[in-house]
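# Architecture at a glance
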Amino acid sequence: MLIMDVTIVNTALPPIARDLDASFTSLQWVMDIYALALAALLMAAGSAADLFGRRKLYVLGLTVFALSSLACGLAPSPGLLIAARAVQGVGAAAMFATNTPLLMATYSGRDRGVAFGVWGGTSGAAAAVGPVLGGLLTEALDWRAIFLVNLPLTVFAGWLTLRTVGESTGRSGGRIDTAGVVLFTAFAGALTYGLIRGGEEGWTEPGTLAALIAAGLALLAFVLVERRLQQPMFDLGLLRSPAFVVLMVAAVVLQASAFPYLTYVAMWLQSLLGMSPIEAGLAVTPLALAALLVGVVGGKLLSHLPPKVPVGFGLLLVGGGALLNATFVDGDADWTSLIPGLAVAGLGVGLATPVLVSAALGLVPGERAGMASGAVNTSRQFGYALGIAVLGTVFAARVRTVYTDGTTTAAAGDGGAGGARDALAAGPPSTGSGPNSTIADHAAERVTGHTAAHAADHAAEAISGGHATDVIAAAPPGPARHTIERLAGDAFAAGIDRVCLISGLVAVATALLVFAALRNDRPQPPTPHTNNKAHNPTPHPQPAPSTAHPTTTTTNTALPPT
C-alpha cells in the first residue's frame, strides 16, 4: 500500500494538474512533502515504537494514513492536497518504522525467513504494478481513486494486525529526542522550500534567502543539540568514519538520481506524447522490473560481495541509465526511447539498494546498528525530496529558456512560423473560466496586452506544469499552433535531458567516491543486534525498526521511493 501510493501518484500528476489548476511548484510539493515528513519523523517513530508499543504505533499510523488518504481524495485545491500529503507522510513514518520489527517479533526461525520473503516479494510486485494500477484507476475512474483505494486496504490491514499480531516494545529507559526531531524537520523543510522558491522567484529574493539562512541555522542548532544529549536521535560520532559518511552520501544520491526525474517523464508521456495514464504507467515499469530481476537472480550473491562492489557498480548503472535517457530523449522521441535507460538504471537500483544498510551496519558498533540503519533510510528519503526540489528547479528553468528562445527565433523568421509568438502575445481567448479554468487559461488572460516575452514565460510555466495541451490549444490553428506544439515538445524534452544529465553525472561521480573510500572487506556477519536475512530488489529501503535502542533488530530490505 505504501509502495503503490508512491508510484501511483507519479502516474496521476498530469490529471491532478489539470483538475486542480496546479502549478509546477504545487506538483513538486505534492511529491516532496510526503518524503519530507517521512524523512523527518522516521527515526523518531522508531524510538516511539520502542517506548509505547510497536503494534500500537503501527495501528495509529494506519489510522492517520487512512484519514489523510481520504482527505487527499477529497481535496478541492492544491494547497489542501499538499497538506493532506504531509499528514500521509506522518502516518507512513509510523508504519515504515514498525512493520519490520513486528515481523521480527511475530515470527522466528525458518518462519521468519519465509515471512520476510513473502513481504519482500509483495514489495517488489507492488513497485512494478503501482504505475499500471495508478494509470488504470485514473483512466477508468479518476485520479482521486488512487488515494481512496487506500481506505479498504488500511481497514483490512488494521483488522489483521489486531487479530494476529502481538504487542512488543524495545528496551525501557529510552526517550524521544524531541529537540532533534524539531530541528531536523526545520532544516529539511526550510532547505526544500528555499530551493523550490529560488527556482520560482530567484535566488536573491528575500523569501528565498530567509529560507536558506533558516535552514543553515536549524542545521547548526541540530548539531549543537545532538552533541549534548546522552540519547540523541543521531550520534554525530558516527560521522568520524569516512566510509560511513560516503555511504550516507551514496544513499542520498541513489534516490536523487534514480527516481525524481520520473516525475517529469510521466508528465512528458501524457501531456506531450498524448499517452493515456495506463500507457504511461506501463512505459516506466522497466526500472522496477529490472530491479526485481536483480534481486531474484543475484540476491544471495550480493550478500557475499564487498559492499563497494554492488554499491559502486549500482551507482554507475544508475548514472549510466540517466545518461542514456539524456541521450535518447529529444523533441522527436517516443516512449520507447526510455526503455534502455530505465532498464539500466533499474539494474543499478537492484544492486545498490539492498546492500547500503548492511554496509552501514558493518561500520558501526553493534549498539548503534538501529541508529545507523535509520540514518541510511532517512538519507534515502531526504535524497528523494532534495532531488525533486533541485532537479525540479533545473527542469523548469531549462523548459523556460528553450521555449522562450524558440519563440524569439520563430518571431524573427518569415511566414506563418513567425506568427506563433505574436499569436501568444495577442492573448488567445480563455478556454475556461472560474475556479476550474486551467493554468494555461490564466496565463492567456494575463498576457493580453503584454509583451510576447511575458507571454512566452507564462506559457513555459504552464508547459512545465503539465499543461502543454492547453498552451497548444490556445494558439490559432495553422502554422502558429504547429510551431508552438514543436517548441513545447522540444522544451520539455530539453528539461528532461538536463535533469537526466545532472542525475547521471552526480551518480557516476559518487560511484567513483564509493570505490575510493570503501575497502574490499566482505560484509561482517550480523551481530546479535541486527538481522540481514531479507533482500528485496525494489527501489526503496524498508526503514529500520528502531533508531535509538541497541536491542532493536534491523533488516536489509528495500522498498520503492516515496
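Above this text you will find the structure in question.
Here goes a summary of the coordinates provided. Because the structure is a prediction, the values reported are computed rather than measured.

## Things to note about the overall build of the chain
- Counting its regular elements, the chain contains 21 helices and 0 strands.
- Within the chain, contacts between residues at least 6 apart in sequence are counted, and of these 81% link residues at least 24 apart.
- With an accessible surface of roughly 20,700 Å², the chain has 65% of that area assigned to carbon and sulfur atoms.

## What to know about the packing of aromatic side chains
- Tallied over the full model, the rule gives 12 aromatic pairs.
- Between Phe-24 and Tyr-264, the aromatic rings sit 6.0 Å apart at their centres with planes inclined by 40°, giving tilted as the arrangement. Of this pair, Phe-24 sits in helix H2 (residues 24-52) while Tyr-264 sits in helix H11 (residues 261-272), placing them 240 residues apart in sequence. Note on accessibility: Phe-24 and Tyr-264 belong to one class, buried.
- Among the aromatic residues, those joined into a cluster by ring pairs are Phe-24, Tyr-264, Phe-395 and Phe-492.

## A word on the pattern of salt bridges
- Evaluation of the coordinates by the stated rule reveals 4 salt bridges.
- Here Asp-142 and Arg-144 are joined by a salt bridge, their closest N and O atoms 3.9 Å apart.
- A salt bridge links Glu-205 to Arg-197, with the shortest nitrogen-to-oxygen separation between them at 2.8 Å.
- Taken together, the shared-partner salt bridges connect Asp-19, Asp-142 and Arg-144 into one network.

## Digging into the packing of helix H14 (residues 308-328) against helix H21 (residues 479-517)
- Where H14 meets H21, the closest approach of the two axes is 7 Å, and the angle between their N-to-C directions is 160°. By the angle between their directions, the pair H14 and H21 is classed as roughly antiparallel. In this structure, H14 meets H21 at a crossing whose hand is left-handed.
- Partitioned by chemical class, the residues of the contact of H14 with H21 number 16 nonpolar, 7 polar and 2 charged.

## Comments concerning the side chain of Gln-270
- Here Gln-270 is to be found in helix H11.
- Judged by its relative accessible area of 7%, Gln-270 is buried.
- At 2.7 Å, the side chain of Gln-270 forms a polar contact with the backbone oxygen of Thr-11.
- Excluding residues within four positions of it along the chain, Gln-270 makes contact with Thr-11, Pro-14, Pro-15, Met-275, Ser-276, Pro-277 and Ala-280.

Criteria and thresholds
Residue numbers run consecutively from 1 along every chain, following the written order of its sequence. This being a predicted model, a pLDDT of at least 70 is required before a residue's local features are given, and a value of 80 or more before pairs of side-chain atoms are given or counted; all residues contribute to the totals for chains, interfaces and linings. With hydrogens and water stripped out, all remaining heavy atoms of the structure feed into the side-chain values. Put simply, DSSP marks the helices as runs of H or I at least four residues long and the strands as runs of E at least two long, and each gets a number from the N terminus on. Working rule for contacts: check all heavy atoms of both residues, and any pair within 4.5 Å makes them a contact. To measure how exposed things are, a 1.4 Å probe is used in the Shrake-Rupley method; for residues, cover is taken only from the protein chains shown. Between rings of Phe, Tyr and Trp, where Trp is taken as its six-membered ring, a pair exists when centres lie within 6.5 Å; planes separated by under 30 degrees are stacked, by over 60 edge-to-face, and by other angles tilted. Only protein chains enter the accessibility calculation, which uses a 1.4 Å probe; a residue is then buried when its area is under 20% of its type maximum, exposed when over 50%, and partly exposed in between. For this analysis, a salt bridge means a side-chain nitrogen from Lys or Arg found within 4 Å of a carboxyl oxygen belonging to Asp or Glu. Fitted lines through C-alpha atoms give the axes, limited to the stretch in contact for helices. The angle between two N-to-C directions lies from 0 to 180 degrees. Angle categories: roughly parallel below 35 degrees, roughly antiparallel above 145, roughly perpendicular from 65 to 115, and oblique for all the rest. By convention, the crossing between two helices is left-handed when the near helix turns anticlockwise from the far helix through less than a right angle, and right-handed when the turn is clockwise. Residue polarity is assigned by list, with Asp, Glu, Lys and Arg as charged and Ala, Val, Leu, Ile, Met, Phe, Trp, Tyr, Cys and Pro as nonpolar; anything else, Gly included, falls into the polar class. Contacts described as polar in this section are N or O atom pairs within 3.5 Å, which, within protein, must combine one atom able to donate a hydrogen with one able to accept it, while residues neighboring in sequence count only if both atoms come from side chains.

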